[in-house]
Each structure stands twice: as structure tokens, then as C-alpha cells.
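Architecture at a glance
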Amino acid sequence: MSLQVSADDNRHLADFHPTVWRHHFIHYPFHDTTSMIPSWMNEANVLKEEVRKMITTPPNKSQLLNLVDAIQRLGIAYHFEHEIEEQLHNIFRNQKNSVITDDLHTTALEFRLLRQQGYFVSTDMLNKFKDVEGRFKEELLGDVRGLLSLYEASFLGVHGEDILDEALAFSTAGLNKAHLDSPFSDQIIDALKRPLRRNVERQVAAHYISDYEQDEGHVKCLLKLAKLDFNILQRMEQEELMDISMWWKDLDFATKLPFARDRIVECYFWPLGVFFEPKYGSGRKLLTKTIAIYSTVDDIYDAFGTLQELELYTQVVESFDTSNKEKLPKYMQLNYEGLLDLYKDFEEEITKDGRSEIMFYIKELNKELVRAYMIEARWFNKKHIPTVEEYLKNGYVTSVYPLLTAVSFLGMGEFATKEVFEWLLTQPKILKASAFICRLQDDIVSHKFEQSRGHVASAVECYMKQHGVSEKEAYDGIKKLVENSWKDINEEILKPGVHTAKMPMPLRNCILNFAKVINVVYLDEDGYTDSKNSLKKVLATLLLKPFSI
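What counts, and where the lines are drawn
Residues numbered from 1 in each chain as written. Predicted model: local features only at pLDDT ≥ 70, side-chain atom pairs only at ≥ 80, totals over all residues. Heavy atoms only, no water. Helix = DSSP H or I, 4+ residues; strand = E, 2+ residues; numbered from the N terminus. Rg over C-alpha atoms; globule rule 2.2 N^0.38 Å. Buried < 20%, exposed > 50% of the residue type's maximum accessible area, 1.4 Å probe, protein only. Contact = heavy atoms within 4.5 Å. Areas by Shrake-Rupley, 256 points an atom, 1.4 Å probe, with all protein chains shown as cover. Lys, Arg positive; Asp, Glu negative; His and termini not counted. Charge placed at Lys NZ, Arg CZ, Asp CG, Glu CD. Expected span 1.5 Å × (residues − 1). Polar contact = N/O pair within 3.5 Å; in protein donor to acceptor, adjacent residues only side chain to side chain. Phe/Tyr/Trp six-rings, centres within 6.5 Å; stacked < 30°, edge-to-face > 60°. Lys NZ or Arg CZ within 6 Å of the ring centre and 35° of its normal.

1. Thoughts on the overall build of the protein
Counting secondary structure elements, the protein contains 24 helices and zero strands. Whereas a compact globule of 549 residues would reach a radius of gyration of roughly 24 Å, the protein reaches 24 Å, a difference of no more than 12%. Among the 549 residues that make up the protein, the fraction classed as buried is 58%. Partitioning the intrachain contacts of the protein with sequence separation of at least 6 by distance along the chain shows that 75% fall at a separation of at least 24. Surface exposure of the protein reaches about 23,400 Å², of which carbon and sulfur atoms provide 51%. Counting 66 positive and 83 negative side-chain charges, the protein places the centres of these two groups 1 Å from one another.

Here is the structure:
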């Protein structure tokens, strides 16, 4: 089917480039690694027991902290969640009786690992590294490993912790000078671009396995397990993408809706970043399908539909009534059919566990989303530039993160209770923060392209108009809003969170991980819309390049 667009149609086409992957994962040569999987899994199981003993019987606290750090960076911590939690809890419980070491690396590492685990440890432990004038000691600049650990720790701060802001400035300046001739050069460059707190676990593992192998002091069983596990998971991910790609090919939106972005492989990066563990396979498929369908919905509102068509489409989608489909233009009917089929998948996932009442909450989030898209369409039609506050109130919804978070929770089985979904509808602080990071990071890197083709005002235009400032000043102001949102997330992760005390930690980490994905996809460019560059390289590394064993 080809869409006929007359010259007087009020459409603002974006001319998105076609997929860079085509049907790659449908035809991928799985046989290259399939025969190796059973032996890899058997060897990995043996190695896991060896590593488990290392965690439970460490020689001392310092070695334990370094071991846990390596295990987490290598991407294999999910095998040892109970053991790591038990050991870090013991460290936290005994902190008052511990003497703070003079080693900056060990102190900063302890601070970061405990905060990551949700334990609120005081920043007072860093005071030892300040001079009498309250500044970080200049002699620390010669301790590159310590600086790197201090830098990573600084991203675990909450509001009001000025010492961590100072630590970030101090360590960043020191690392920028040190990386040229340091044995930690590659790690420093990676960290300065994307710190651990804001990076996707699978990407961290892909980079760190190579770095760890070059470290003469690496633990052989850890390295071997990390490589085996990475390859086993990669094979699983390839199979999932094959199934998802076949589903997407059958929909044939690339042909039938050529104005929309064809990005099914890129869509898979979100669930891969949110929950990569094997037990969430069905959840990853469901979330990928959701992102792909709603990406098309987004493009209908942003890049093709006329205002009159969008008003009708919004009413029909809110109704969830199949009999209303015939009221829509043909291209909207095709999209609506795909949306209805997606909700059948939701119902199957929900009813198999006897949780049919959850469907109400997902439908409510869907209604909120199309209403918010419609608000933006009206703003664009009227050339209205809202205030930043007005924009973000609506942008919270159009980030799609509330809906995607609900779908991800649905894919996490036992955690998806009625109470959890009721909580999501209250617009909790941690979810707002993650959604704002998504909305604002996207706007910073994409607003120039979008404004050139005709698009609703982004946060950048809203900020410039409201505050009467330049584009650069708007960027700086928006980046401060992003930093505040990261601190909001950090506060809500801590045990117990101010507003999340009853929410299981896996759910809180899921929301954190959504923010991490954004920091990869939209750090320097809109890697989703223009997927030919940085995101393509990331996906190739994660999905196509196994480690040699």
C-alpha cells in the first residue's frame, strides 16, 4: 500500500531514513554458536560455584569490595544477588565500628557500592580526604585509581550533598589531565563520557570484559565466567530478536506506513537495558513490541496526521472499540489494528497469571498518552509555546515512560500487583524523574532537526521564551533539570525510599534503568531517529560480537 498525500495536506513529513538492519536477525546464522551453548552452560555452572565461594569467604573487606565491583562490571552479578546483598548488608551494619581507610579508592568504592544497593551511607566518610580549608587534597590528583572511584561515587548523590558535587568537579578535572598517560586510560575515557550510574549494564560488561582481560591481576575464573555468560545471553537475545523481527515483518509497517520510523532492532535496546536477565525473556519481547507500536503512534501525531485526523484517532484509540475502526483513514486503521493486537498480547500475559484487573491500569495509561499527544498537536497547530512547567507536565506522559514502565512491570511476573499499578497512576517521584530525563535529553539533541521540519516547541524553545535566554543558556538550564532528576532517582532508590518504601527494589531499579537507556541513546545525538551511527555500533557490539573463549 502506498500513501497518497496531496499537495495541500497539512503534513510535516520527517523523511526518516530506512532501517539499517533490514531483516538481519531473521536470517542471522545462529548455527555458528548453537552447538556450543550446552558446553558453555555446563562450564559456567561450575565457575559460578567457584565465584560464589569467593564472595562468601573473602580475605578482607577491601578485597570483597573489589570483587563485587568486578562482578558487577562484568555483568554477572545477577547470578549472585543474594550473596552480594548479604555481604554488603554486613558491611553497612558494621560501618559504625569500622575505621575509615586512608585509601581513597577503597573508601569511594564502599560508598558507591552501598548506595547502589540502596543503603544510605553518609558522605562524612569522604571528609578525611579534604584539607583544612575544606577542599579535596591536591595530593589526591596523583592517585588516578582513587580519582576514578571518587568520580564514579559522585553520581550517587542526593539533593543537598554539596561534597559530592565538589567531588565530581575535582575528580573530573583531575581525570581529564591524567587519562593521557594512565594505565586506566580507556576506563577513564569511558567513565568521563558515561559513568557507571548512567550506563546500561550490558554495555558496561561488553567494555569491561576486554579491559579486565588486559589487567594482569584479573581473576581467571571471573573472566571466563563473564565471557561465557555474555555469549550465552547474546545467543538468547539473537533468538528473541529473530521472533520479534518476524512479527514486525508480518505487520509490514515499513511498507504500509512509510512515514514512520522503522526501528525494531533499536526498540529492543530498551528492554535489553531495563531487564537483561534470562527470566524476563517474555517481558523483553512484549516491551519491544510496545515501543515499536507506540513509536508509530508517535510518528502519526508528529510526522503525518492532520489535526482533524488526529482528533478522530484520539477518540477511537481511547474507546478501544473495534467497531470504531472504520471511521479512521486507512493508514490509521492499520496502526489501530496493530495496537489492538498488542493489547491482546497484554491480556494473554495478564490472564495466564490471573491478574485481569491490571488491564484497566494499562488502558488508562494509554488514554493519557494519546490525550497528551493531542495536546501537543493542538499546541503545534496554534504555534503555542507553553511554559517549561506546562511542557513538562504534558511531557511526563509523552515520554511514554509511564506506559512503558507499566508494561515492563507486567513482564516481571510476581512483582506486578494491583497495588504497584495503582502507585504508577499517582505519577510517583522516581518515575517522573526518569520520564523528565527522557523528555529533556531527547529535546536537547533533537530539537534542531524537529524544528526544521515543523514540530511542537521542545523544552529548549519553551525555556528560551519563558526565561528570555539564548539557546546555550537554555541548554545549561535544562541540563540542571536533568541533574536534579538524577538526584531524585537516587533518593528514591535508597532504602526505604521516601515515596517508594513499599516498592520492591527490582521495580525501582527498572525505572532507574529506563533513565540509563536514555543516557546511551540520546547522550550526543538522537540515536533512535538517526540510528546509523552510535546506537548501531552499540547494538553490533552487544548482539553480533561474541567473546572468544
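2. Brief notes about helix H3 (residues 61-73)
Along its 13 residues, H3 runs 18 Å from first to last C-alpha, staying within 8% of the 18 Å computed at 1.5 Å per residue. Every buried residue of H3 is accounted for by Leu64, Leu65, Leu67, Val68, Asp69, Ala70, Ile71 and Arg73. Those residues of H3 that are buried lie in contact with helix H2 (37-56), helix H4 (81-93), helix H5 (104-116), helix H8 (185-193), helix H9 (201-214) and helix H10 (220-251). You can read the cap of H3 off the contacts: a side-chain oxygen lies 3.2 Å from the backbone nitrogen of Ser62, and it is on Asn60. Phi turns positive one or two residues past the end of H3, at Gly75, with a value near 80 degrees.

3. Re the environment of Phe129
With respect to the helices and strands, the residue Phe129 is situated in the loop between H5 and helix H6 (144-153). Given a relative accessible area of 4%, Phe129 falls into the buried group. For the pair Phe129 and Thr57, spaced 72 residues apart in sequence, the C-alpha to C-alpha distance is 30 Å. Excluding residues within four positions of it along the chain, Phe129 makes contact with Thr101, Asp102, Asp103, Leu104, Thr107, Arg135, Phe136, Lys137 and Leu140.

4. Quick look at the packing of aromatic side chains
Inspection of the entire model under this criterion finds 21 aromatic pairs. Residues Trp247 and Trp248 carry aromatic rings whose centres are separated by 5.8 Å and whose planes lie at 40 degrees to one another, so their mutual orientation is tilted. As far as burial versus exposure is concerned, Trp247 and Trp248 are alike and both buried. By way of ring pairs, the aromatic residues Trp247, Trp248 and Phe253 are connected into one cluster. Lys130 extends its terminal NZ or CZ atom over the ring of Phe136, reaching a point 5.5 Å from the ring centre.

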